[in-house]
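Structural overview
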Amino acid sequence: MRNKVVIFLLTILVIASILRLWKLGEVPISPDWDEVSLGYNAYSIMQTGRDEYGKFMPVVLRSFDDYKPALYSYLAVPSIYLFGLNVWAVRLPSVIFGVVAVFATFLLVKELFKRNDLALVSSFLLAISPWHIQFSRVAFESNIGLAINILAVLFFIKAFKRPLLLSVSAFLMAINLYAYQSEKVFTPLLLFSLVVIFRKELFSIRKRFIFSALIVGFLVSLPMVTYLATNKDSFGRARGVSIFSEPFPKGLADKTLNDMNNNDKLGLILDNRRVVFAKTIVSGYISHFDLNWLFTRGDIARHHAPNMGLMYLFELPFLFIGIYLLIFDSNKKAKALIMAWFLIAPIVASITTGVPHAIRTLNFLPTFQIFTAIGLIWTFSKLSSIKYRVLNINLKFLTIILILLFSTFNFIYYLNQYFVQQNFYNAKEWQYGYEKLIHEVSKVNGIKKVVVSNQGHMDQSYMFFLFYLKYPPKNYQSESISASGGFRENHKFGIYDFRPIVWEKEIKAHDTIFIGKPSDFPGGISPISSVSYPDGQEAMRIVR
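Every value quoted in this text rests on a predicted model; they were computed, and no experiment measured them.

Rules and cut-offs
Residues numbered from 1 in each chain as written. Predicted model: local features only at pLDDT ≥ 70, side-chain atom pairs only at ≥ 80, totals over all residues. Heavy atoms only, no water. Axes fitted to C-alpha atoms, helices over the stretch in contact; angles between N-to-C directions. Helix = DSSP H or I, 4+ residues; strand = E, 2+ residues; numbered from the N terminus. Parallel < 35°, antiparallel > 145°, perpendicular 65-115°, else oblique. Contact = heavy atoms within 4.5 Å. Nonpolar A, V, L, I, M, F, W, Y, C, P; charged D, E, K, R; others polar. Buried < 20%, exposed > 50% of the residue type's maximum accessible area, 1.4 Å probe, protein only. Pairing = 2+ DSSP bridges. Phe/Tyr/Trp six-rings, centres within 6.5 Å; stacked < 30°, edge-to-face > 60°. Lys NZ or Arg CZ within 6 Å of the ring centre and 35° of its normal.

Points about the packing of helix H2 (residues 33-48) against helix H3 (residues 71-83)
Two elements in contact, H2 and H3, have axes whose closest approach is 8 Å; the angle formed by their N-to-C orientations is 70°. Taken together, the axes of H2 and H3 are roughly perpendicular relative to one another. Counting all contacts with H2, which are made through Leu 38, Gly 39, Asn 41, Ala 42, Tyr 43, Ile 45 and Met 46, the residues of H3 involved are Tyr 72, Ser 73, Tyr 74, Ala 76, Val 77, Ile 80 and Tyr 81. Partitioning the contact of H2 with H3 into residue classes produces 11 nonpolar, three polar and no charged.

Below, the structure is given as structure tokens:
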């Protein structure tokens, strides 16, 4: 039996690896601005020990003034060192952590439920999960945070038998503060849940092991906590996406004034900004349980394959069955942990705009897979006892065949949508074109100045040029010393000037070329070259 489990597990890990490594540098078709930022900052740290702004060994990357936790860039340094600064190398750490998450899910479920079958099915479902594949094939920090959370919970529970592992769990939870913004809230909530649920087992451990874990957690988290406490800009990203960024929600002042004029006391209560914020938070939280979002629609294009949700349709009935069965399961500790994990996952996203949001709630995983696995195993066990026949066909085999056929079709459809259709339909959303564009620029002779638009879909174009040119970080740090960063900043380095193009006011010279959107140039201006999306729509053009 043990050998079979090992073989099945290795097969699952191979499947997970193939689905995450296949055409890694080509699908998605282009890195987005966050990926090139993480990659170039890793390249800069590797060569100079400093980020793009010259900050020595930063715990947070200032980047576009969104102050990204720096862990991903540090993790990308080895692959960039080995394979060079390219898309494949930048995405590789996410792949590795994605496969680790699949393996850790097997170990965690086995530890919680003492069942090999449930552990194998849960890890298999995570291995083929559209949601998980989407974010473990790109340089998204949330994927790192997810894997670390699963490992941290695993070692926390294993520490009841091997107390030294409690310090390992503490280290992982503390280091996760450097992974992704959401982990600063989710991981402490997850830790609180663990302490409450397993308080008896935890406090039966010798105090010296608990004390050691506290010291480890404190020391590892101290640089991040210090940074957050002393840098007023560190919460810039949080403020930018928070529903509290505006003191009065849109239209609320007019409603309140109207309530006052009409002496509407109930209206004054319901239109109170605190009540409105509370309703917005609850609505944002509940939106993450929208079945259309989960199974058919998804959110923005970069977060899911075209015409797909975040989960397979075949999982839907088994998901509900699994939730029902777990609620009435006799394993109270495991049940409490999985349900707590499931319910706290959307809390962070619920106070932000743009909900439901697949990245900020990636920590839903692997709870969905565990629920679905419970439902699947139960369903197949019940089907095995069916003895009825329809048209002389055993109903058990007919039902199983239909389930397998639909599941296989669903999986093949997803593979087509992700690996084939995505690059065609979502190229613009993935900010495609810069690699080809820079190659075209290199063909133009006699250039002393290149003006590049930073408006519209070419926002943060400077980072794509730094990335694909492999511009020496030491040079850029000295040239950009006065740059303030941010989403609206104009950048300049070497012969490149990144700013809005106002054609009527531009000084045209034979040694100057302009790179921008088609709308940046008036009709009748013929480009010397251009780059188009796979669907034929012009993306960017070069004008002299």
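From this point on, the discussion continues.
Here we look at the pairing of strand S8 (residues 512-516)
For a regular strand, side chains alternate in direction, first toward one face of the sheet and then toward the other. Most of S8 sits out of view: five of its five residues are buried. Across the two faces of S8 the burial is the same, with Thr 512, Phe 514 and Gly 516 and Ile 513 and Ile 515 all buried. Bridging between strand S5 (residues 449-452) and S8 involves four bridges; their strand directions are parallel. Considered in S8, the bridge of Val 450 is made with Ile 513. Inspection of the sheet shows S8 paired to strand S10 (residues 538-543) by three bridges, in the antiparallel sense.

Some details on the sheet that holds S10
Read from one edge to the other, the open sheet built from six strands follows the order S6-S7-S5-S8-S10-S9, with strand pairing classed as mixed. Here the strands that pair on one side only, and so sit at the sheet edges, are strand S6 (491-493) and strand S9 (529-532). Each adjacent strand pair in this sheet contributes to an overall mean axis angle of 15°, direction not counted. Looking at chain direction, S5 and strand S7 (residues 496-498) are connected through three bridges and run parallel. Residue pairing in the sheet places Val 452 in a bridge with Phe 498 of S7.

With respect to the packing of aromatic side chains
Summed over all chains, the structure comprises 41 aromatic pairs. Between Tyr 312 and Tyr 414, the aromatic rings sit 5.8 Å apart at their centres with planes inclined by 90°, giving edge-to-face as the arrangement. Residue Tyr 312 is located in the loop between helix H16 (291-297) and helix H17 (316-327), and its partner Tyr 414 is located in helix H21 (residues 395-425); the two are separated by 102 residues in the primary sequence. Exposure class is identical for Tyr 312 and Tyr 414. Each is buried. Here the guanidinium or amino end of Arg 62 rests over the ring plane of Tyr 53, the centre of that ring lying 4.5 Å away. When the ring centre of Trp 503 is taken as reference, the NZ or CZ atom of Lys 508 above it lies at 4.5 Å.

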